[in-house]
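# Structural overview
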Amino acid sequence: MQAPSPFWDPGRHADRRPFLVGRGAVTDAVRARFRAEGFLEVETACLQVSPGNEAHLHAFRTPLAASDGRTRDMYLHTSPEFACKKLLAAGEARIFTLARVFRNRERSPLHHPEFTMLEWYRAGAPWEALWTDCAALLAAAADATGARAFSWRRATCDPRAEPEILTLAEAFSRHAGIDLLGTVDAGGGSDRDALAARAREAGIRIADDDTWSDVFSKVLVARIEPNLGMGRPTILCEYPACEAALARASARDPRVAERFELYACGVELANGFGELTDPAEQRRRFALEMDEKARVWGERYPLDEDFLAALACMPEAAGCALGFDRLCLLATGARRIEDVLWAPVADPFDAAEHDPA
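Rules used throughout
Residues numbered from 1 in each chain as written. Predicted model: local features only at pLDDT ≥ 70, side-chain atom pairs only at ≥ 80, totals over all residues. Heavy atoms only, no water. Helix = DSSP H or I, 4+ residues; strand = E, 2+ residues; numbered from the N terminus. Buried < 20%, exposed > 50% of the residue type's maximum accessible area, 1.4 Å probe, protein only. Contact = heavy atoms within 4.5 Å. Pairing = 2+ DSSP bridges. Axes fitted to C-alpha atoms, helices over the stretch in contact; angles between N-to-C directions. Parallel < 35°, antiparallel > 145°, perpendicular 65-115°, else oblique. Left-handed = near helix turned anticlockwise from the far one by under 90°. Nonpolar A, V, L, I, M, F, W, Y, C, P; charged D, E, K, R; others polar.

So, about the environment of Phe60. Turning to its location among the elements, Phe60 is positioned in strand 3 (residues 60–65). Classification of Phe60 by relative accessible area gives partly exposed; the value is 26%. C-alpha separation for the pair Phe60 and Leu181, spaced 121 residues apart in sequence, amounts to 36 Å. Ignoring sequence-local partners within four residues, the contact set of Phe60 consists of Met74, Tyr75, Leu76, Phe102, Arg103, Asn104 and Pro113.

Glancing now at the sheet that holds strand 9 (residues 164–167). Pairing within the open sheet is mixed, and its 8 strands lie in the order 1-5-6-13-12-11-10-9. Since the sheet does not close on itself, it has two edges, and those belong to strand 1 (40–41) and strand 9, each with one partner. As paired elements, strand 6 (residues 114–123) and strand 13 (residues 317–323) share 7 bridges and run antiparallel to each other. Note on strand 13: the bridge partner recorded for Met117 is Gly323. Here helix 3 (residues 128–145) sits on the sheet and contacts strand 6, strand 9, strand 10 (234–237), strand 11 (259–264), strand 12 (267–274) and strand 13; the angle it forms with strand 6, its principal contact strand, is near 135 degrees.

Let us now look at the packing of helix 3 against helix 9 (residues 324–332). The interhelical angle for the contact between helix 3 and helix 9, taken along N-to-C directions, is 50 degrees, at an axis separation of 9 Å. On the basis of the axis angle, helix 3 is oblique to helix 9. Crossing of helix 3 over helix 9 shows right-handed handedness. Residue-level contacts link Leu138, Ala141 and Thr145 of helix 3 to Leu327, Ala331 and Thr332 of helix 9. Looking at the contact of helix 3 with helix 9 residue by residue, the classes come out as 4 nonpolar, 2 polar and no charged.

Below is the structure:
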């Protein structure tokens, strides 16, 4: 297959330009919506001591050199979350940022190694307030581009419709016939063999060395996500506590946490939490995540001790991270994420292997 022309090719740029103009309209609409709600726009540094401590995220590392020649490894952040929470600890109450973030090992029609994350926080607010924010942002993006509906592949979604609220337990039961919470106990433990057996009964291929989290992810990807955000957006909520390293436990059911994800047309758009503010518990969870990363990938990332110190001063809050490029893709009708990026990251690999569409 012939390699595509570079993004600066006049013909290719002309094809992409309507999507890029649409991106600008969505950007303006998002900023206007947050400012109307009394939010301040903040900026955070991309270079951090720790890129984040979730086992499945892969970061870019670079040496930072001092004037005397000493060096220390630093990382391009995978999210502005740590810095934003430090600003909450400093006293800010409503903040948002359109941050450039970086994730390695990620490139596809919906993934890019450098992308824009819209992240916002409400101090003193319940996590359900973020569901309202998400619905308003979808409608604002559609209004900005004039889109009557969002579409992706063969799926469509009304971005102005009230979102469906669906728990993980309901989703696993409805779409896979699995009693998810029957494999989780109140102390945070999980029954891997029970979940694996039920997943196999549902026709999911499970490997002998798959963990509970691996099985959970396989079912989620194969049976749950393709059914979300169809016709109207979906808020998928109440993740098992072991799948929510940065979220506080639910007061209603200790087996689940205050974590949700937003879907439209089967595309994951946002990930939100009722934020965990216990530094000791956060340290414990990070250690478990890095142990898992070391087991699977043979590496671990340092903890940001400054973040853990700030967490002790952080107020109760709710926060959400939304893939801004994906929102622009759906709002403009683009086919791949590169269509809504003004200057995509160069791809030294065969482009055909990244875009099966």
